[in-house]
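These are the residues of each chain, in order.
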Amino acid sequence: MNAVSYDIIVRPVITEKTSRQMELGQYTFEVLPKANKIEIRKAVEEVFKVKVVKVNTIQVRSKPKRMGAFLGRSRSWKKAVVTLAKGEKIAFFEGANA
């Protein structure tokens, strides 16, 4: 896949669980569905200037949703949990919590 690093990382995922994981050096992102672990690692290292130790990916499947009489589905997406080297932090997330 020939995507730019800024295109591979779609958005950060910020929930209660991911906020607790940030204290352990794990950051969660929504990424392009066709991106692999190597591309995700390179994109995070290039965009945030940090050292990535490990990348775990999860396919989040769509779920059925109702809006009154209409039946639909939520969208499917890919999630990546990136573990950084000891002592590394992403300043983007630190500013969001302050």
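The structure under discussion appears in the preceding block.
Right, let's walk through the structure included here. (Residues numbered from 1 in each chain as written. Predicted model: local features only at pLDDT ≥ 70, side-chain atom pairs only at ≥ 80, totals over all residues. Heavy atoms only, no water.)

### Some thoughts on the nonpolar core
- The biggest cluster of nonpolar side chains holds 18 residues, and the ones touching the most others in it are F29, I40, V44, V82 and L84.
- For this core, the secondary-structure elements that each account for two or more residues are β2 (26-31), α3 (37-48), β3 (52-60) and β6 (77-84).
- In terms of residue count, the dominant contributor to this core is α3 (four residues).
- In this structure, I40 is in contact with I8, V31, A35, V55, T57, A80 and V82, ignoring residues within four places of it in sequence. (Core = buried A, V, L, I, M, F, W, Y, C linked by side-chain atoms within 4.5 Å. Buried < 20%, exposed > 50% of the residue type's maximum accessible area, 1.4 Å probe, protein only. Helix = DSSP H or I, 4+ residues; strand = E, 2+ residues; numbered from the N terminus. Contact = heavy atoms within 4.5 Å.)

### Some details on α3
- Between the first and last C-alpha of α3 there are 16 Å, a value that for 12 residues agrees with the 16 Å anticipated at 1.5 Å per step.
- Listing the buried residues of α3 in full gives E39, I40, A43, V44 and V47. Here the buried residues of α3 occupy an arc of 130° about the axis, which is enough to place them on one side. For α3, the exposed residues set more than 90 degrees away from the buried face come down to I38 and K42.
- Those residues of α3 hidden inside the fold are in contact with α1 (5-8), β1 (9-12), β2, β3 and β6.
- Structurally, the start of α3 carries an N-cap: the backbone nitrogen of I38 is 3.2 Å from a side-chain oxygen of N36.
- Just beyond α3, the residue with positive phi is K49, at close to 55°. (Expected span 1.5 Å × (residues − 1). Arc of directions from axis to C-beta. Polar contact = N/O pair within 3.5 Å; in protein donor to acceptor, adjacent residues only side chain to side chain.)

Remember that the coordinates give geometry; whether it matters functionally is a separate question.
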